[in-house]
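# Survey of secondary and tertiary structure
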Amino acid sequence: MRRALVAGAAATALLTGAGGAFAAPAAPPVTAPAAPSVAPSAAAHSPYGRLRPLAALSAERLASGDLVAAAKWGTGAPIDDPVRERQVLDAVAAQARQLGADPAATMRIFRDQIEASKVVQRGLHRLWDADPSQAPDERPDLGEVRKEINRVNGELVRAVAASPDARSAPSCRPLLAVNAAHVRHERRLDALHTVALARALRSVCTAYAAPGG
């Protein structure tokens, strides 16, 4: 655990120090911090293992943000969509209640997920405005993209419901940062998506969640 806390501090610095390079090219490769040394059978039920799906699914959801950005590109459709956002929040709150999870905490986490997706969309639109040659050649079907987002949302709500103790533990923040650094390494996230991932995970640890958020 001590090793994980030290690694987590380094990972936190890595994530929070990503800065505002929202349209930056791929970040240089980094070596992910070592995971806590636990048996595979126990890993999934450890605080580290409970937090792992939250980081992985958040990154998966952010990847859908790329498709949303491409679907909206050149259409004049706004990135902010209050109606869609309200639908998402209502849906995840209802699912949380069905699973016996805290709907307020779940909604708080998903507000961050939504804002993180908008970080990606705005960053990509700025990049494509500056260099149209990098803009997508095809426009995805936004309805189909949202079906995939809804699927990830469901898995993410289940991960939230399965991790109340891990999310409220003092070790949550460093362990979550280690998980985020591993996900960044595995997915080779660029600066834009690294910043967005940190934004997506901001309220996961309840001891650090913004009050009233």
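Read on for a plain summary of the structure. Note that the structure is a prediction, hence the values are computed from the model and not measured.

Enumeration over the complete set of coordinates arrives at one disulfide. Bridging Cys172 to Cys205, the disulfide has an S-S length of 2.0 Å. Its S-S torsion of approximately -80° makes the covalent link between Cys172 and Cys205 left-handed. Placement of the pair is Cys172 in helix α8 (residues 172-187) and Cys205 in the segment after α9 (191-200), with a sequence separation of 33 residues. Take Cys205: its relative accessible area is 4%, and that puts it in the buried class.

Right, let's talk about the pattern of salt bridges for a bit. Opposite charge on two side chains makes pairing possible when the charged atoms of those side chains draw close. As enumerated under the stated definition, the model contains 13 salt bridges in all. Between Glu85 and Lys118 there is a salt bridge whose closest N-O contact spans 3.1 Å. Here the residue Glu85 occupies a position in helix α4 (residues 82-99), and Lys118 occupies one in helix α5 (residues 103-130), the gap between them amounting to 33 residues. Residues Glu85 and Lys118 agree in their burial class; the two are buried. Where Arg202 meets Asp112, a salt bridge forms, and the shortest distance between an N and an O atom there is 3.9 Å. Remark: Asp112 occurs in helix α5 and Arg202 occurs in the segment after α9; sequence separation between them is 90 residues.

Here we take up the packing of aromatic side chains. Enumeration over the complete set of coordinates arrives at one aromatic pair. Where Trp73 meets Trp128, the ring centres are 5.4 Å apart and the plane angle is 75°; that geometry is what we call edge-to-face. Of the two residues, Trp73 sits in the loop between α3 (47-72) and α4 while Trp128 sits in helix α5, which places them 55 residues apart along the sequence. Each member of the pair Trp73 and Trp128 is classed as buried.

This part covers the nonpolar core. Ranked by size, the top nonpolar core spans 46 residues in total, and within it Leu51, Leu54, Phe110, Trp128, Leu197, Leu201 and Val204 carry the most contacts. Elements supplying a minimum of two residues to this core: α3, α4, α5, α6 (142-161), α8 and α9. If sequence neighbours within four positions are ignored, Val204 has contacts with Leu51, Leu54, Ile109, Arg167 and Leu176.

Quick look at the side chain of Gln113 now. Structurally, Gln113 is set in helix α5. Aside from chain neighbours lying at most four places away, what touches Gln113 is Ser58, Arg61, Leu156 and Ala200.

For the rest of this paragraph, the subject is unusual backbone geometry. Despite not being glycine, Arg188 has its phi angle at roughly 55°, a positive value. Looking at the secondary structure, you find Arg188 in the loop between α8 and α9.

A few words on empty space enclosed by the protein. If you walk through the whole model with that rule in mind, you get one cavity of 30 Å³ or more. As for the largest cavity, its lining consists of 14 residues, and the residues nearest its centre are Arg61, Arg84, Ile114, Ser117 and Gln121. Where the lining of the largest cavity is concerned, the elements lending two or more residues are α3, α4, α5 and α6. Of the residues forming the lining of the largest cavity, the biggest block, four residues, is contributed by α5. Class assignment of the residues belonging to the lining of the largest cavity gives a composition of five nonpolar, two polar and seven charged.

Let us now look at the packing of α4 against α6. Relative to each other, α4 and α6 sit at 40°, their axes nearing to 10 Å. The way α4 lies across α6 gives a crossing that is right-handed. On α6, the residues that touch Arg84, Val88, Val92, Gln95, Ala96 and Leu99 of α4 are Arg146, Ile149, Asn150, Asn153, Gly154, Val157, Arg158 and Ala161. Within the contact of α4 with α6, the residues separate by chemical class into seven nonpolar, four polar and three charged.

Let's shift gears to the environment of Ala63. The topology assignment puts Ala63 in helix α3. What makes Ala63 partly exposed here is its relative accessible area of 35%. As for Ala63 and Leu189, which are separated by 126 residues in sequence, their C-alpha atoms are 9.8 Å apart.

Here the focus is the environment of Ile114. Take Ile114: it is sitting in helix α5. Assessed through its relative accessible area of 9%, Ile114 is described here as buried. The sequence separation of Ile114 and Glu85 amounts to 29 residues, and the corresponding C-alpha distance is 7.3 Å. Aside from chain neighbours lying at most four places away, what touches Ile114 is Arg61, Glu85, Val88 and Leu89.

Reading the values: rules and limits
- Residues numbered from 1 in each chain as written.
- Predicted model: local features only at pLDDT ≥ 70, side-chain atom pairs only at ≥ 80, totals over all residues.
- Heavy atoms only, no water.
- Disulfide = S-S within 2.5 Å.
- Helix = DSSP H or I, 4+ residues; strand = E, 2+ residues; numbered from the N terminus.
- Buried < 20%, exposed > 50% of the residue type's maximum accessible area, 1.4 Å probe, protein only.
- Salt bridge = Lys/Arg side-chain N within 4 Å of Asp/Glu carboxyl O.
- Phe/Tyr/Trp six-rings, centres within 6.5 Å; stacked < 30°, edge-to-face > 60°.
- Core = buried A, V, L, I, M, F, W, Y, C linked by side-chain atoms within 4.5 Å.
- Contact = heavy atoms within 4.5 Å.
- 1 Å grid on protein atoms, 1.4 Å probe; cavity = no way out; pocket = protein on both sides within 12 Å on 5 of 7 lines; lining within 4 Å.
- Points joined across faces, edges and corners; volume = space filled by probe spheres on them.
- Nonpolar A, V, L, I, M, F, W, Y, C, P; charged D, E, K, R; others polar.
- Axes fitted to C-alpha atoms, helices over the stretch in contact; angles between N-to-C directions.
- Left-handed = near helix turned anticlockwise from the far one by under 90°.

Purely geometric stuff here, so don't read any function into it on its own.
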